[in-house]
Amino acid sequence: MADGGPGSPTPPERADAPRKRADARRNEATLLEAAAAAFLAAGVDVPVRDIAGRAGVGVGTIYRHFPTRADLIVAVYRHQVQACAEAAPALLADGRPPYAALTAWIDQFVDFLATKHGLAGAMNSDTAAYETLHGYFLDHLVPACARLLDAAVAAGEIRPGTDPRELLFAVGNLCAGRAPYYDARRMVGLLVAGLRLR
């Protein structure tokens, strides 16, 4: 009997395919999260064996998924951007006031910027893989920030007229400071507090 006819049993490989794809996505997400943690701790030049150790896999597994360091850095960056973008509507949907959602999202954005430790130098290299990352960042995070700002304005919690690109740029600059006495998160908190209507 030919496969696919009425009443034909589903071949095992077809039935298992969605589960395998889901498992592969989870495994890749685990690798990306381990790499992000390693980048945060030691920068993007961290040895691959350290990333593999965090993920609980062999070095060969890392290279099967990401043949070059550039591939891994780009994948981590895109994964983090996507997670940050998806957090905006989730925060608005969980019942908190829009300004509280905005501040929580900005806090997550600060965490994302911390993960990028060392990435700026890599992005200024000649590697073609990094060329589209800035556009990816803007395409995903500017609309997410705009959505939160618009909701807070509509609720009468913040003053109108804040450009989301300008806000993200300002937060990024505040997070670029490096000094023992400097607390970037506190300074970002002061910036966001300045948006509120009194």
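Within each chain, residues carry numbers counting from 1 in the order of the written sequence. Since the coordinates come from a predicted model, pLDDT governs what is reported: local features require at least 70, and pairs of side-chain atoms require 80 or more to be given and counted, while whole-chain, interface and lining totals use all residues. Think of the side-chain values as coming from all heavy atoms in the structure, minus any hydrogens and water.

A closer look at the overall build of the protein chain
Put simply, the rule reads: Helix numbering and strand numbering both begin at the N terminus, where a helix is a DSSP run of H or I of at least 4 residues and a strand a DSSP run of E of at least 2. Under the scheme applied here, a residue whose accessible area is under 20% of the maximum for its type counts as buried, over 50% as exposed, and between as partly exposed, the area being computed with a 1.4 Å probe on protein chains only. The contact rule is simple, with two residues in contact once any of their heavy atoms fall within 4.5 Å. Per-residue and other accessible areas were derived by the Shrake-Rupley procedure at a 1.4 Å probe size, with only the shown protein chains allowed to occlude residues.
What the protein chain contains, in helices and strands, is nine helices and zero strands. Taking all 198 residues of the protein chain together, the buried fraction comes to 35%. Sequence-distant contacts, at least 24 apart, represent 66% of the contacts inside the protein chain between residues at least 6 apart. Here the protein chain displays about 11200 Å² of accessible surface, and carbon together with sulfur accounts for 54% of that area.

Let's talk about the side chain of glutamine 80
Tracing the sequence through the fold places glutamine 80 in helix α4 (residues 69-93). For glutamine 80, a relative accessible area of 18% puts it in the buried group. Not counting the four nearest positions on each side in its chain, glutamine 80 is found in contact with Ala36, Phe112 and Thr115.

Brief notes about the environment of proline 89
Tracing the backbone through its elements, the reader meets proline 89 in helix α4. Between the alpha carbons of proline 89 and alanine 144 there is a distance of 7.6 Å; along the sequence they are 55 residues apart.

What about the environment of leucine 191?
Mapping leucine 191 onto the fold places it in helix α9 (residues 184-193). You can call leucine 191 partly exposed: its relative accessible area is 27%. Distance from leucine 191 to leucine 174, taken between C-alpha atoms, is 9.2 Å for residues 17 residues apart in sequence. The contacts of leucine 191, once residues within four sequence positions are left out, are Leu167, Ala170, Val171 and Leu174.

Here's the deal with α9
Convention followed: What the arc describes is the spread of directions from the helix axis to the C-beta atoms. For the purposes of these results, a polar contact is taken to be a pair of N or O atoms within 3.5 Å, where, inside protein, one atom must be able to donate a hydrogen and its partner to accept one; residues adjacent in sequence count only when each atom of the pair is a side-chain atom.
Of the residues making up α9, those classed as buried are Ala184, Val188 and Val192. Considered in projection along α9, the buried side chains sweep an arc of 70° and stay on one side of the axis. Taking the backbone nitrogen of arginine 185 as reference, a side-chain oxygen 3.2 Å away marks aspartate 183 as the first, capping residue of α9.

Looking at the packing of helix α8 (residues 164-174) against α9
As a reminder of what qualifies: Geometry is summarised by axes, namely lines fitted to C-alpha atoms with helices restricted to the contacting stretch, and by angles between N-to-C directions that run from 0 to 180 degrees. An angle counts as roughly parallel when it lies under 35 degrees, as roughly antiparallel when it exceeds 145, as roughly perpendicular when it falls between 65 and 115, and as oblique in every other case. Definitions for this section: a left-handed crossing has its near helix turned counterclockwise from the far helix by less than a right angle. A right-handed crossing has that turn clockwise. All amino acids are sorted into three groups, where Ala, Val, Leu, Ile, Met, Phe, Trp, Tyr, Cys and Pro are nonpolar, Asp, Glu, Lys and Arg are charged, and the leftover types, Gly among them, are polar.
Where α8 meets α9, the axes come as close as 9 Å, and the angle between the chain directions of the two elements is 150°. Our classification of the angle between α8 and α9 gives roughly antiparallel. For the crossing formed where α8 meets α9, the hand is right-handed. Side by side, α8 and α9 meet where Leu167, Ala170, Val171 and Leu174 of the first sit next to Ala184, Met187, Val188 and Leu191 of the second. Split by residue class, the contact of α8 with α9 holds eight nonpolar, no polar and no charged.

Some words on the environment of isoleucine 73
With respect to the element layout, isoleucine 73 can be found in helix α4. Taking relative accessible area as the criterion, isoleucine 73 reaches 3% and is therefore assigned buried. With 37 residues separating them in the primary sequence, isoleucine 73 and alanine 36 have C-alpha atoms 8.6 Å apart.

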